[in-house]
Amino acid sequence: MKALTSKHLPSTTTTLIHRAIVGAPDWWRDAVIYQVYPRSFADSNGDGIGDLPGVTAHLDHLVELGVDAVWLSPFYRSPQKDGGYDVADYREVDPLLGTLADVDALLAAAHEQGLRVLVDLVPNHTSSAHGWFQEALASAPGSAARDRYVFRTGRGELGEEPPNNWLSKFGGPAWTRVTEADDSPGEWYLHLFDSSQPDLNWENAQLHAEFEQVLRFWLDRGVDGFRIDVAHGLVKAPELPDWTGRTTTVTGRKRRPNLTDEGPMWDQDGVHEILRAWRQVVAEYPGDRALVAEAWVQPIERLARYVRPDETHQAFNFEFLKTRWSVPQYRAVITESLEANDSVGATTTWVLSNHDVVRHPSRLGLKKAGSFPAGIAATDEQPDEHRGLMRGRAASLLMLGLPGSAYLYQGEELGLPEATELPAEARQDPTFLGTDGKEIGRDGCRVPLPWVADAPAFGFSPSGASWLPQPASFARYALDSQLGVPGSTYEMYRAALHLRRVRRLGSGSLAWVVGLAGTRKKKVLAFINRDVMIVMNLGAAALPITPGCAVLITSRRLGIDAEGRQTIPRDTTVWLRFGS
Ligand code: GLC
Ligand code: CA
């Protein structure tokens, strides 16, 4: 077999898709941003729930790993019905997680160590425990307090039917009826998520002013930006029409066919005005504060609307996260992502895992590799752990070689798999609770991190407590069992982040390599970014490398063929020095 080379390529074999940034980019354009889910990161006081002092105490891990910034999932006062995405006070810290002083300490420590910090902004809904909602409940229909939310009279003669047929993403109708002050059955309020998460009414001008103050409160404290939760859901179509089309709502079906939100409650033009206003607010502050939108919209051109020059700086690229284990699909999604974002002058982001989806090594360990179960139960097909990890590592090394900004989810640097055997009593995700367990939910990717193999709760908590039980296999994944171990997932991430930084791949270019020896179009993905050639082999045939091509990093050990050449095995990504 002819060998793959990273030297002297004929120009006919490359197609330039994306140009490198000239000069120093804005920090977020090539940043690697690490998502901390505070409940599950590190517990400082032994109550089994991760907290802000726990994050501060482990910032050195993130510096060592080599990321640029941290995004903290919500730590605000909350009844914790949805892991803190049910906010009862946007300016207070939940006592479970710490205090405002702890936030200040975290910000100071992070900044001192050169890390930026993004916090979560949850503007689509509040918790039903929020003062605004309590005030709305105590006030009459038609009052200003009710207008902060989406209250409507029901259908049917006595208003006994919900105002429309929308369903909650967590199961059941998206409407709940209230009892009025005089004990009569009253209006209904909209909640696209749990009934404890009433949707705010973004037609209300006062709300805009109130939220701007919330942004300023955190900007003044020194946060470097916001991740905007459910950015595509803030505005609903006028008249709230019924919807019978495709839905991502939990229906008790095990497999979700598609994760894109469609219908009159999503991706309405009005959301862009809100994002524009917030962009102006952050732009007033020094230090390049940034916004990233969570918007499950399709196609990529639609998502690009969120990152036009006067809107959010970034949006999560969920199309990349959803890509099946297929070279043509990766090639297509990478090309489309770069083209769509380039067309509006935005940077492309890449993401494989977060707190809402099955961890990527486990998704890639399923028979249908890269398919999208909405959680994995003990009774479901179990991922092949070894194969999933090998593929997960290959996917990560592909992602980190791409130009743009990458989002990591805590624990992926350890190669953590999804916890699939959590007992029902332990599960806490509202999707599990709201569907009587028919949908298993997201707890499996939220299990507290293993830091030390041989310590109570694997070093997560000094008392050994853990709000979700950790599988015994986490010992193998613990940070201390990977530190300094050549070939460990942690050392692979660390080395990749280092190379990515020194070779400036985040602000680099992308040119596809096609038709090169051995690079079969459907099985080998190869591209050049600055002076690095990144090759991912998904084919059964090991791919020999021309002797003399310098291997910078690999996602698994390379083989050797009969002629003594190094070979890239199946499901492996390598970075080669290009042009030498
Ligand atoms: C976002 C969050 C998710 C949460 C939902 C409702 O999708 O990422 O965790 O449940 O919003 O706030
Ligand atoms: Ca704690």
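Up top is the structure these notes are about.
These numbers come from a predicted model, not from an experiment.

Calculation rules
- Within any chain, residue numbers begin from 1 and follow the written order of that chain's sequence.
- To label them, take the chains in the order written and letter them from A, then take the ligands in the order written and number them from 1.
- Given that this is a predicted model, residues contribute local features only at a pLDDT of at least 70 and side-chain atom pairs are listed and counted only at 80 or more, while totals for whole chains, interfaces and linings are drawn from all residues.
- Hydrogens and waters are ignored; side-chain quantities use all the structure's heavy atoms.
- Runs of E in the DSSP output that reach at least two residues are strands. Runs of H or I that reach at least four are helices, and both are numbered from the N terminus.
- In this analysis, the expected span of each helix is defined as 1.5 Å times one less than the number of residues it contains.
- For two strands to pair, DSSP has to find at least two bridges joining them.
- Patch membership needs two things, relative accessible area over 30% and no salt bridge, and members are linked within 9 Å if like-charged or within 5 Å if nonpolar (Val, Leu, Ile, Met, Phe, Trp, Tyr).
- For accessible areas, the Shrake-Rupley method is used with a probe of radius 1.4 Å. Any residue's cover is judged against the shown protein chains and nothing else.
- Should a side-chain nitrogen of Lys or Arg be within 4 Å of a carboxyl oxygen of Asp or Glu, the pair is scored as a salt bridge.
- Two residue types count as positive, namely Lys and Arg, and two as negative, namely Asp and Glu; His and chain ends fall outside the count.
- Throughout, a charge is located at the NZ atom of Lys, the CZ atom of Arg, the CG atom of Asp or the CD atom of Glu.
- Note on classification: 1.4 Å probe, protein chains only; a residue is buried when its accessible area is under 20% of the maximum for its type, exposed when over 50%, partly exposed between these limits.
- We call two residues contacting when some pair of their heavy atoms lies within 4.5 Å.
- To obtain each axis, a line is fitted to C-alpha atoms, and for helices this fit is confined to the stretch in contact; angles are then taken between N-to-C directions over 0 to 180 degrees.
- Each metal's donors are the N, O and S atoms within 2.8 Å of it, or within 3.2 Å when it is Na, K or Ca, and because water is not part of the set, sites may look incomplete.
- Only a single heavy atom is needed: when it lies within 4 Å of a molecule or strand, its residue is near that molecule or strand.
- Any N or O atom pair separated by 3.5 Å or less is treated as a polar contact, with the protein-specific requirement of one donor-capable and one acceptor-capable atom, and with residues adjacent in sequence counted only for side-chain atom pairs.
- All residues other than Ala, Val, Leu, Ile, Met, Phe, Trp, Tyr, Cys, Pro, Asp, Glu, Lys and Arg, Gly among them, are scored as polar; the first ten of these are nonpolar and the last four charged.

A. Representation of helix H15 (residues 489-502) in the model. Look at H15: 20 Å from first C-alpha to last across 14 residues, which is about the 20 Å you get at 1.5 Å a residue. Arg-504 sits one or two residues past H15 and shows a positive phi near 50 degrees.

B. Spatial organisation of the sheet that holds strand S8 (residues 175-179). The 3 strands lie next to each other as S7-S9-S8, forming an open sheet whose pairing is antiparallel. The open sheet is flanked by strand S7 (151-152) and S8, the only strands paired with a single partner. Pairing geometry for S7 and strand S9 (residues 185-190), over 2 bridges, is antiparallel. When the bridges of S9 are listed, Phe-151 appears paired with Tyr-189.

C. A look at a positive patch on the surface. Taken together, the side chains of Arg-387, Arg-520, Lys-521, Lys-522, Lys-523 and Arg-570 define a basic patch exposed on the protein surface. The class of Arg-570 is partly exposed, set by a relative accessible area of 37%.

D. Looking closely at unusual backbone geometry. The linkage connecting Gln-298 with the following residue, Pro-299, adopts the cis geometry, with an omega of -5 degrees. Residue position: Pro-299 is located in the loop between strand S11 (290-293) and helix H8 (300-304). A positive phi angle, close to 50 degrees, is found at Asp-436, a residue other than glycine. On the secondary structure map, Asp-436 appears in the loop between helix H13 (430-434) and helix H14 (474-477). You will see that Asp-571, though not glycine, has its phi angle at about 60 degrees, which is positive.

E. Local environment of the sheet that holds S11. Pairing is parallel in the open sheet, where 8 strands are placed in the order S12-S11-S10-S6-S3-S2-S14-S13. The two strands at the open ends of the sheet, each matched to only one other strand, are strand S12 (314-315) and strand S13 (349-351). Most of the contacts of H15 go to strand S14 (residues 405-409), to which it runs at about 160 degrees, and overall it touches strand S2 (32-36) and S14.

F. How the structure looks around the coordination of the calcium ion (ligand 2). Around the calcium ion (ligand 2), the protein contributes the donor atoms Asp-43 (OD), Asn-45 (OD1), Asp-47 (OD), Ile-49 (O) and Asp-51 (OD), which lie 2.3 Å from the metal centre. Taken in chain order, the donor set of the calcium ion (ligand 2) reads D-x1-N-x1-D-x1-I-x1-D.

G. Local environment of the site of ligand 1. As a matter of local geometry, ligand 1 sits amid 14 residues, with Asp-82, His-125, Asp-229, Glu-294 and Asp-356 nearest to it. Measuring from an oxygen atom of ligand 1, one finds a side-chain N or O atom of His-355 at 2.9 Å. Side-chain polar atom of Arg-442 to an oxygen atom of ligand 1: 3.0 Å apart, as the coordinates give it. Here ligand 1 has 300 Å² of accessible area as a free molecule, and 96% of this is covered by the chains. Partitioning the shell around ligand 1 into residue classes produces 4 nonpolar, 3 polar and 7 charged.

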